[in-house]
Structures are given as structure tokens and as C-alpha cells.
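Tertiary structure, described
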Amino acid sequence: MKVIAIILLVIVVVYLYKRSQRLANEEQEQAAREAAVANAKEPEVKDITPTSTANAAPVNEENIDKNLDIEGEAVQIMPEPEPEPEPEPEPEPEPEPEPEPEPEPEPEPEPEPEPEPEPEPEPEPEPEPEPEPEPEPEPEPEPEPEPEPEPEPSTVELAWASAKLTQAIANTSAATDTAGQYTAMTAAVAECYKQRKQVEYVEYGASLSKRYIALFTVFAAETRADNPDAVIKGIGLMHMSTLLSDNGEFDVAIALCHKAIQHGVSDGTVTGFEGRIARIEKAKAKANK
């Protein structure tokens, strides 16, 4: 609003200044016209005084009267001097066009009031939770079936076997508890691992994998039940995974390694069973080419 008021004030001042200037010019022009008219109305007076008294003839009263009359007539007959033509009035200067008033700036539109936020709908009351059904008692885990004892190999089947392998197999059959069976079979697997350059040891050792994994699972559960902090060695699982891999049973070997990781045992190497899985997968890929 202040800007608008200042603009209007400037326009009024300019208008008054132009108007006073125009009135002053008109007064000057009118005074000049009046002076010109006054000068035109003054008659020219002729000097009728005789130039010389010597040349003047003696006159009597009659002559004087006649002269007067003649002069009077002469005065009367003399045409009135033509008035000087009035000077053409100077053309009035065209009035300077008044500056058009600057258009008033349009007032900035007032910002529309923000619409009031709609009230959030009241949340619907949550339905009362249904009473949770009483949890059914978890069924007791079925004990893992004890591995069926393998038939004792005949001397014909193990004619190639070393004395250590034969003794380990005999001890496995003679053991009456899980720990004894697991320990004896671990010795048999270790002997097959040492003699793995011979095909018979590799094949026989790989054939013990199912029973050995079952024995390990039961042995680990019983050991942890008696002592949760007990450390179970996974050397036998490492030997078995190698025998399976050498026998071309890569998937079974990888599953065995995952079993070992699940039970938290180590194979005694830096990379552990994780690194062994990677090596078995590479061997599998190479064999499939």
C-alpha cells in the first residue's frame, strides 16, 4: 500500500506542475495580445506647425476661419490611419501530453488459506483378540533308531583288508553301547582313509557312510545331554567326506559336511567344513565336465 500511495503522490505533483506551467504561458500570451491591441489603437499625429513664419502670408480673420474650416475639413477628410495589423499570435505551444498515470500494480492475491486438514477418522476399535488356544503339548521327540548292525564281513569279502580294518569292524560288532560302536567305526573309517589309494578301501569306506552318520548323530546327542559343553571331534566326518568325494558321491559328501556344521564340530583345518564344501563342489564341477 505504501508503494501505491507514493506512485499516486508523484502523479499528482507532476499534474500540478504541468497545469501551473500551462496557466503561466496563457497569461503571458494574453498580456502580449493586449499590448499589441493597445499599440494599434493610438492614431498618428501629424505635425501641422508651419515650417517658417516668414513664408506665412498675412491672413485675416476670415482666412483664419477658412483655414480653420479647411483645416477642420482637412482634418475631417483625412482618413483615419489604418490600424497596424495585429501581430499574429504566436501559436500556443501544444500542451505536453500529461503522462499517463502508471497503472496501479495489481495487489498480490492473498494466499488462499490452507484447507484445514480433515480430521483423521477415528480408528475402528480393534476386535478383541480371540483367546489363544492352549498350545498342544509337543510330542516327545522320537528317539532316533539305532543303526542296524551290519552283517559281519566274511573273510572272502575282506580278503584284501588290513588287520587294523578287520579288527575295527570286529570291535564295532562287539560293542554294546553307542559310544563304543562310534569309536570302533571311526577307527575303521580312518583306516580306509589312510588306504584310499586302493579302490577297495574307498568303496568299502563310502559304503559305511549311512551307518556312520547315524551313529554320529546318536553319539552327539547323548554326549551333549550329559555335558552341554563337551567338545566333539569331527575327524571321522572329515575322513568320511573325503572317501565319499573320491567315490564320486559328491552330494552325500556335501550333506555330511552340513551335518557337521549343524552340530558345531570342526575337522581340525583352518577353513573347516565350509572350505571342504567348496572344494567338493569344485571337484564335482570338474567331474561333470
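Here the structure is a predicted model, which means the values were calculated and not measured.

Before going further, it helps to spend a moment on the overall build of the chain. Helix and strand counts for the chain stand at nine helices and zero strands. The N-to-C order of helical and strand elements in the chain reads α-α-α-α-α-α-α-α-α. Looking at the 289 residues of the chain, the share that counts as buried comes to 23%. If you sum the accessible surface of the chain, you get close to 23700 Å²; carbon and sulfur atoms cover 55% of it.

What follows is about a nonpolar patch on the surface. Nonpolar side chains collect at one region of the surface, where Ile-6, Val-10 and Val-14 lie side by side and expose about 240 Å² of accessible area between them. The residue Val-14 is located in helix 1 (residues 2-41) in this model. Taking relative accessible area as the criterion, Val-14 reaches 30% and is therefore assigned partly exposed.

Turning next to the pattern of salt bridges. Considering all chains together, one arrives at three salt bridges under this definition. Here Glu-26 makes a salt bridge to Arg-22, at a shortest N to O gap of 3.5 Å. Of the two residues, Glu-26 and Arg-22 both sit in helix 1, four residues apart, roughly one turn of that helix. Residue classification places Glu-26 among the partly exposed residues on the basis of a relative accessible area of 35%. Judged by its relative accessible area of 37%, Arg-22 falls in the partly exposed class. We note a salt bridge from Asp-267 to Arg-276, for which the minimum N-O separation is 3.2 Å. The same class applies to Asp-267 as to Arg-276, namely buried.

Once that is clear, we can look at the side chain of Thr-242. Here Thr-242 shows up in helix 7 (residues 235-246). Here Thr-242 falls in the buried class, since its relative accessible area comes to 14%. Among residues more than four places away in sequence, those in contact with Thr-242 are Tyr-193, Arg-196 and Arg-276.

Taken as a whole, this structure holds five aromatic pairs when the rule is applied. With 5.0 Å between their ring centres and 75° between their planes, Trp-160 and Tyr-201 make a pair best called edge-to-face. Linking Trp-160 in the loop between helix 2 (61-77) and helix 3 (163-174) with Tyr-201 in helix 5 (residues 199-207), this pair joins segments that are 41 residues apart in sequence. Residue classification places Trp-160 among the partly exposed residues on the basis of a relative accessible area of 28%. Between Tyr-182 and Tyr-212 the ring centres are 5.5 Å apart and the planes differ by 15°, which places this aromatic pair in the stacked class. Of this pair, Tyr-182 sits in helix 4 (residues 178-194) while Tyr-212 sits in helix 6 (residues 209-226); the two residues are 30 residues apart in sequence, bridging distant segments of the chain. In textbook terms, an aromatic cluster arises when at least three aromatic residues are bridged by ring pairs, as seen for Tyr-182, Tyr-212, Phe-216 and Phe-219.

For the rest of this paragraph, the subject is helix 6. In this model helix 6 runs 26 Å from its N-terminal to its C-terminal C-alpha over 18 residues, within 8% of the 26 Å that 1.5 Å per residue would give. Residues Ser-209, Arg-211, Tyr-212, Leu-215, Phe-216, Thr-217, Val-218, Phe-219 and Ala-220 constitute the buried set of helix 6. Tucked inside the fold, the buried residues of helix 6 contact helix 3, helix 4, helix 5, helix 7 and helix 8 (250-262).

Turning our attention to the nonpolar core. Counting 37 residues, the largest nonpolar core has Leu-165 and Leu-237 as its most contacted members. Discounting residues that sit within four places of it in the chain, Leu-165 has contacts with Trp-160, Ala-188, Glu-191, Cys-192, Tyr-201 and Tyr-204.

Okay, the packing of helix 6 against helix 7 next. In the contact formed by helix 6 and helix 7, the axes pass within 11 Å of each other and the chain directions differ by 160°. One finds that helix 6 runs roughly antiparallel with respect to helix 7. Crossing handedness for the pair helix 6 and helix 7: left-handed. Across from Ser-209, Tyr-212 and Phe-216 in helix 6, the residues of helix 7 making contact are Gly-236, Leu-237, Met-240 and Leu-244. Of the residues assigned to the contact of helix 6 with helix 7, the class counts are five nonpolar, two polar and no charged.

Here we take up helix 3. With 12 residues, helix 3 extends 16 Å between its outermost C-alpha atoms, agreeing within 8% with the 16 Å of an ideal straight helix rising 1.5 Å per residue. Turning to helix 3, its buried residues number three or more, namely Leu-165, Ala-168, Ile-169 and Thr-172. Buried residues of helix 3, viewed axially, fall in a sector of 100°; they line one side. Seen from the buried face of helix 3, the exposed residues on the opposite side, beyond 90 degrees, are Ala-163 and Ala-174. Elements in contact with the buried residues of helix 3: helix 4, helix 5 and helix 6.

About the criteria used
Residues numbered from 1 in each chain as written. Predicted model: local features only at pLDDT ≥ 70, side-chain atom pairs only at ≥ 80, totals over all residues. Heavy atoms only, no water. Helix = DSSP H or I, 4+ residues; strand = E, 2+ residues; numbered from the N terminus. Buried < 20%, exposed > 50% of the residue type's maximum accessible area, 1.4 Å probe, protein only. Areas by Shrake-Rupley, 256 points an atom, 1.4 Å probe, with all protein chains shown as cover. Patch = residues over 30% accessible without salt bridge, like charges linked within 9 Å, V, L, I, M, F, W, Y side chains within 5 Å. Salt bridge = Lys/Arg side-chain N within 4 Å of Asp/Glu carboxyl O. Contact = heavy atoms within 4.5 Å. Phe/Tyr/Trp six-rings, centres within 6.5 Å; stacked < 30°, edge-to-face > 60°. Expected span 1.5 Å × (residues − 1). Core = buried A, V, L, I, M, F, W, Y, C linked by side-chain atoms within 4.5 Å. Axes fitted to C-alpha atoms, helices over the stretch in contact; angles between N-to-C directions. Parallel < 35°, antiparallel > 145°, perpendicular 65-115°, else oblique. Left-handed = near helix turned anticlockwise from the far one by under 90°. Nonpolar A, V, L, I, M, F, W, Y, C, P; charged D, E, K, R; others polar. Arc of directions from axis to C-beta.

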